[in-house]
Amino acid sequence: MSRATLDLWVGFFVALGCAALIFLAMKVGNFSGLNSVPTYVVEAPFDNIGGLKVRAPVKSAGVVVGRVAGIRFDAQRYRAVVRLELERQYPFPRDTIATILTSGLLGEQYVGLEAGGDVEMLSNGETVAMTQSAVVLEKLISQFMFNRAAETPAPASK
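Cut-offs and rules
Residues numbered from 1 in each chain as written. Predicted model: local features only at pLDDT ≥ 70, side-chain atom pairs only at ≥ 80, totals over all residues. Heavy atoms only, no water. Helix = DSSP H or I, 4+ residues; strand = E, 2+ residues; numbered from the N terminus. pLDDT = per-residue confidence, 0-100. Patch = residues over 30% accessible without salt bridge, like charges linked within 9 Å, V, L, I, M, F, W, Y side chains within 5 Å. Areas by Shrake-Rupley, 256 points an atom, 1.4 Å probe, with all protein chains shown as cover. Salt bridge = Lys/Arg side-chain N within 4 Å of Asp/Glu carboxyl O. Pairing = 2+ DSSP bridges. Axes fitted to C-alpha atoms, helices over the stretch in contact; angles between N-to-C directions.

Structural notes on unusual backbone geometry
For step 1, the next point in the chain: Backbone geometry at Ala61 places phi at a positive 55 degrees, although glycine is not the residue there.
For step 2, the next point in the chain: Here Ala61 shows up in the loop between strand S2 (57–60) and strand S3 (63–74).
For step 3, the next point in the chain: Even without a glycine there, the phi angle at Tyr78 is positive, about 55 degrees.
For step 4, the next point in the chain: Within the fold, Tyr78 resides in the loop between S3 and strand S4 (79–87).

The following block contains the structure:
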């Protein structure tokens, strides 16, 4: 095999390896620039979003049905408003409940949708009326500690 042919094959495999690394980086980073699935956007107001981030998954029954498209602060109501980009193939009733959940004990946070029974479906630009904020682990621990400290021991009987 000549030197030029060998260099050509090495270059080909290096380019293939670089393309594979870029593809894997996009998959791990939840980059959906290659997905052209039709979507619709709804908003959900929360009192506390915890560590929820843009591009976090939106799941229903454990299936990813969309992504968090944006997070903003509503200065009039002092609440976080989360924009959810849902795939059109998954319509949800208007009385759907949006909850911020955590994968595992200390895993990433995501939005869980629990479908209601309304016959009317959410459409583009509407707001999810019922939401449940994130459970903040530090808040739970401090409540437990302060409740234990507030308990006074019963007087010992003689």
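Next comes the rest of the account.
What to know about the confidence of the model for the protein
For step 1, the next point in the chain: When pLDDT is averaged across the protein, the result is 86; 88% of the residues are at 70 or more.
For step 2, the next point in the chain: When mean pLDDT is taken per element in the protein, S4 scores highest with 95 and helix H2 (residues 137–150) scores lowest with 75.

Let's talk about a nonpolar patch on the surface
For step 1, the next point in the chain: A surface patch of nonpolar side chains, about 880 Å² in accessible area, is lined by Met1, Leu6, Trp9, Val10, Phe12, Phe13, Val14 and Leu16.
For step 2, the next point in the chain: If you trace the backbone, Phe12 turns up in helix H1 (residues 3–28).

What to know about the sheet that holds strand S5 (residues 97–102)
For step 1, the next point in the chain: With mixed pairing, seven strands are arranged side by side in an open sheet as S1-S4-S3-S2-S6-S5-S7. Only two strands of the sheet have a single neighbouring strand rather than two, namely strand S1 (39–46) and strand S7 (130–132). Across the sheet, the mean angle separating the axes of adjacent strands is 30 degrees when strand polarity is ignored.
For step 2, the next point in the chain: Pairing between S3 and S4: eight bridges, direction antiparallel. Paired with Arg72 across the bridge in S4 is Val81.

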